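A closer look at the structure
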Amino acid sequence: EGRLPLKMVHGVPLLELISDNWKQVEQFQARPDDLLIATYPKAGTTWMQEIVDLIENGGDLEKARRAPTHIRFPFLEMTYPPPVPSGVDILIATPSPRVIKTHLPFQLVPKSFLVQNCKMIYVARNPKDNVVSYFYFDQMNKMQPEPGPWEEYLQKFMDGNLSWGSWYEHVRGYWDAKKKHRILYTFYEDMKRDPTGEIQKVMEFLEVDLAPDVLQKIVHYTSFKAMKENPMANYSTIPKNIFDVSCGKFMRKGEVGDWKNHFTVSQNEAFDEDYQHKMAGTTLTFQMEM
Ligand code: A3P
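Residues numbered from 1 in each chain as written. Predicted model: local features only at pLDDT ≥ 70, side-chain atom pairs only at ≥ 80, totals over all residues. Heavy atoms only, no water.

**Considerations on empty space enclosed by the protein**
One pass over the structure, following the stated rule, counts 1 cavity of 30 Å³ or more. Elements with a contribution of two residues or more to the lining of the largest cavity: α3 (45-56) and α11 (195-206). Top contributing element to the lining of the largest cavity by residue count: α11, with 4 residues. Within the lining of the largest cavity, the residues separate by chemical class into 6 nonpolar, 1 polar and 1 charged. (1 Å grid on protein atoms, 1.4 Å probe; cavity = no way out; pocket = protein on both sides within 12 Å on 5 of 7 lines; lining within 4 Å. Points joined across faces, edges and corners; volume = space filled by probe spheres on them. Helix = DSSP H or I, 4+ residues; strand = E, 2+ residues; numbered from the N terminus. Nonpolar A, V, L, I, M, F, W, Y, C, P; charged D, E, K, R; others polar.)

This is the structure:
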């Protein structure tokens, strides 16, 4: 029990429980009607999952909660000590259509998803808010490595040494992949600015048509305030030895620009300079404040 070391899988640091079970993940058999929700950790995974489940269940919150792959469903790659079944074990036994979530970078997504031409929704969040959110999460999630002090944590993020690897490669990997694959690439900041418009894009991608009042209901249920109070969405039911809620809440702040309360001026300058190098040559841009 407790915090786990990271081990490299094809150059990407992953929790040892995941790397030890990598063969099973790599050989996972996707089905053509699987939907993959992919994110770097803390980019808005849970938010998108709630949106998708509500869309697929006609805006009915109770039905969405009963979806076999609702929010507490493990990540595709998540592996636990036996006898607890792995994400893959559970998915094999799950009826279609499946909504599958993953934090894997595009190059580590099991090949069967590409062979089956599965739809994927990617959520990207600006790196400064993303790293702040991850820093708080690693304090409460007792499986993740110790975050240590902020200064060191920020450096690890910039160096790609956190669990699930480099944010820069993650966001760029899916951005490039969407030229060839059925990927809806969304941004946390757009979801904050225009939830109705973004939920509509997801509806179109899923080929689901809903009445305007149903759409507005989904906007309401997926607001930060509603999700923070929804025990099925706020992870308050996770055992204390995994999520130590005395160290913070899963639904922490839900804002754009909170990084300004954490980065010093010099950290911000160093970050921006490094960012220019790591993101050179991409058309991908991020909104750092609203
Ligand atoms: P903060 O720590 O900045 O508050 P993930 O689900 O990928 O782990 O991401 C969690 C982050 O998304 C947290 O960010 C959480 O508060 C935020 N979040 C979850 N639901 C949200 C919502 N409905 N609106 C805005 N932010 C949300």
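Alright, that's what it looks like, and here's the rest.
**Points about the environment of M191**
When you line up the elements, M191 lands in helix α10 (residues 188-193). Assessed through its relative accessible area of 2%, M191 is described here as buried. Between the C-alpha atoms of M191 and G44, which are 147 residues apart in sequence, the distance is 9.4 Å. Among residues more than four places away in sequence, those in contact with M191 are W47, M48, I51, V123, T186 and E198. (Buried < 20%, exposed > 50% of the residue type's maximum accessible area, 1.4 Å probe, protein only. Contact = heavy atoms within 4.5 Å.)

**Considerations on the site of the ligand**
Taken together, 18 residues surround the ligand, and among them T45, T46, S133, Y188 and K253 come closest. A distance of 3.4 Å separates a nitrogen atom of the ligand from a polar atom in the backbone of F224. In the model, an oxygen atom of the ligand is placed 2.7 Å from a nitrogen or oxygen of the G254 main chain. Contact with the protein chains hides 98% of the accessible area of the ligand, taken as 570 Å² for the molecule alone. Where the shell around the ligand is concerned, the elements lending two or more residues are α3 and α13 (224-229). (Near = heavy atom within 4 Å. Polar contact = N/O pair within 3.5 Å; in protein donor to acceptor, adjacent residues only side chain to side chain. Areas by Shrake-Rupley, 256 points an atom, 1.4 Å probe, with all protein chains shown as cover.)

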